[in-house]
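Residue strings, one per chain:
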Amino acid sequence: MTSEWKSFTEIDPFNPQNTLTGKICCEQGEEYGKITLTRINNEPCKQIVFSTPKMYYPFDRKGNFYLKQPTTPTIAYIKYDGTNIVGYSYYYQGTKYVTYKTRLNPVLKSGRFGNFYEMWCEILQKYPQIPQIILKEDMNLSFELHGILNKILILYPFRLDIRLLFGITPNGSIIRPERFSKYGIPIAEKYYEFKTGEDFPKTYNKLRDELEKSNEVKSDSEIIGLEGLVIYQSSESGTTWTQWKLKPETIYRIHTKPGMSKKDIMVTCYNALENVDIDGITFEFVKELLLEEFTENEITRNEYKIKQIIEEVKEELELRYQIITTYKELNLSVKEDKEHTMRTLSQYFPSNKMRYVYTIINAYEENTLTN
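For every chain, the first residue of the written sequence is number 1, and numbering continues from 1 along that sequence. Owing to the predicted nature of the model, reporting of local features is limited to residues with pLDDT of at least 70; listing and counting of side-chain atom pairs is limited to 80 or more, with chain, interface and lining totals taken over all residues. Heavy atoms from the whole structure form the basis of all side-chain values; hydrogens and water molecules are not counted.

A. Representation of the sheet that holds strand 6 (residues 83–92) in the model. By the convention used here, strands pair only if DSSP detects at least 2 bridges between them. Under the DSSP-based scheme used, a helix requires at least four consecutive residues in state H or I and a strand at least two consecutive residues in state E, with every element numbered from the N terminus. Overall, antiparallel pairing links the five strands, which are arranged 7-6-8-9-10 in an open sheet. This sheet does not close on itself; its edge strands, each paired only once, are strand 7 (95–101) and strand 10 (174–175). Across the sheet, helix 1 (residues 116–126) lies against strand 6, strand 7, strand 8 (140–146) and strand 9 (161–168), angled at about 105° from strand 8, the strand it touches most. We call two residues in contact when some of their heavy atoms are within 4.5 Å. Axis geometry follows a simple rule: fit a line to the C-alpha atoms, using only the stretch in contact for helices, then measure angles between N-to-C directions, giving values from 0 to 180 degrees. Sitting on the sheet, helix 2 (residues 130–137) touches strand 6, strand 7, strand 8 and strand 9, and the angle it makes with strand 7 is about 120°.

Structure follows, in structure tokens:
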């Protein structure tokens, strides 16, 4: 990730007869995650795959807003805290195939942690219509995969689910989620619609304060509530949309305050799982991700802290995995007999972790029962 484009050759796990070769854009911006396919099964087959663009705040470093008063439709949607998965299609020998990718990987991969292939297979069992939507609409679909099994900062009260965020046309234009509401899959929820000529900075800050007050900070790595909003601003022609992000003050500070906070590093470690398994979360790899936001000197000054937090994240991932695995292996049910379940699990986990154990299994069971 030290260069703007990364070359790859990967087997498509959803169509394992196909090996994809090409390059993926690692530079943050509108082309972030964009794929140029050059060969399929070693045959020339050039195709462009647009991905989820990098979003920015609607103001500069001094706090000056780029948008003062909306003159075109401007709508805010809930921002979900998980892993971005893009479903896309490609042609090969007259057939159109559907597969899926994370931001900086052209396909989904397996691993005990950050096992996006397995998690997405579970999603496809729940929403089997997804591939057909991609084919019928002839566009890529951007999803957020979130829940207890893929926790980053926001603690969701369910095991695993998705939200369809938007569509991406073959030329890279953004299509709002309402277009896909007829297909029976969860779409991003509309939160607020700006009026023409409204004082955008004033309303933006009001919305930030509103989210900040409604969020509950449980600990350094757990927040109950909303990660923020994504604001869509229509082009004059109405054919595409520009996206801006909004985050409540607590979460905004995590990502923007001077220096490198513990949460900066933790979130980066969790995001690393989009590209590597837990053993790949090394200082060297995390450093490459941090270089997108921080200087080499800042990272060097924080090397010891980064290494320490990497170990903490790995321990948390291991604990989460062990909780769910033990719960399943013992065939327990927190819904049927909470007291027996917690008493049994207390033989396997430290007493100071039992509240966290309950949070994990309760959310896991909640989603399992509703599937």
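Structure's up, so let's keep going.
B. Focus on helix 5 (residues 262–272). Of all 11 residues in helix 5, nine are buried; the element is thus mostly enclosed. Throughout, exposure labels follow a simple rule: accessible area from a 1.4 Å probe, protein chains only, divided by the maximum for the residue type, with under 20% read as buried, over 50% as exposed, and the rest as partly exposed. All of the buried residues along helix 5 are Lys263, Asp264, Ile265, Met266, Val267, Thr268, Cys269, Tyr270 and Ala272.

C. Structural view of the packing of helix 5 against helix 6 (residues 283–290). With their axes 10 Å apart at the nearest point, helix 5 and helix 6 run at an angle of 110° to one another. Classed by the angle they form, the pair helix 5 and helix 6 counts as roughly perpendicular. In this structure, helix 5 uses Thr268, Cys269 and Ala272 to contact helix 6, whose residues at the interface are Phe285, Val286, Leu289 and Leu290. Between 65 and 115 degrees an angle is taken as roughly perpendicular, under 35 as roughly parallel, over 145 as roughly antiparallel, and anywhere else as oblique.

D. How the structure looks around the sheet that holds strand 14 (residues 228–234). The sheet built from four strands is open, its strands ordered 11-5-14-15 with antiparallel pairing. Strand pairing shows two members of the sheet lacking a second neighbour, strand 11 (190–193) and strand 15 (241–246), which therefore form its edges. Sheet twist, expressed as the mean angle between neighbouring strand axes with direction ignored, is 25°. Sheet analysis places strand 5 (residues 74–79) next to strand 14, joined by six bridges and oriented antiparallel. Of the residues in strand 14, the one forming a bridge with Ala76 is Ile231.

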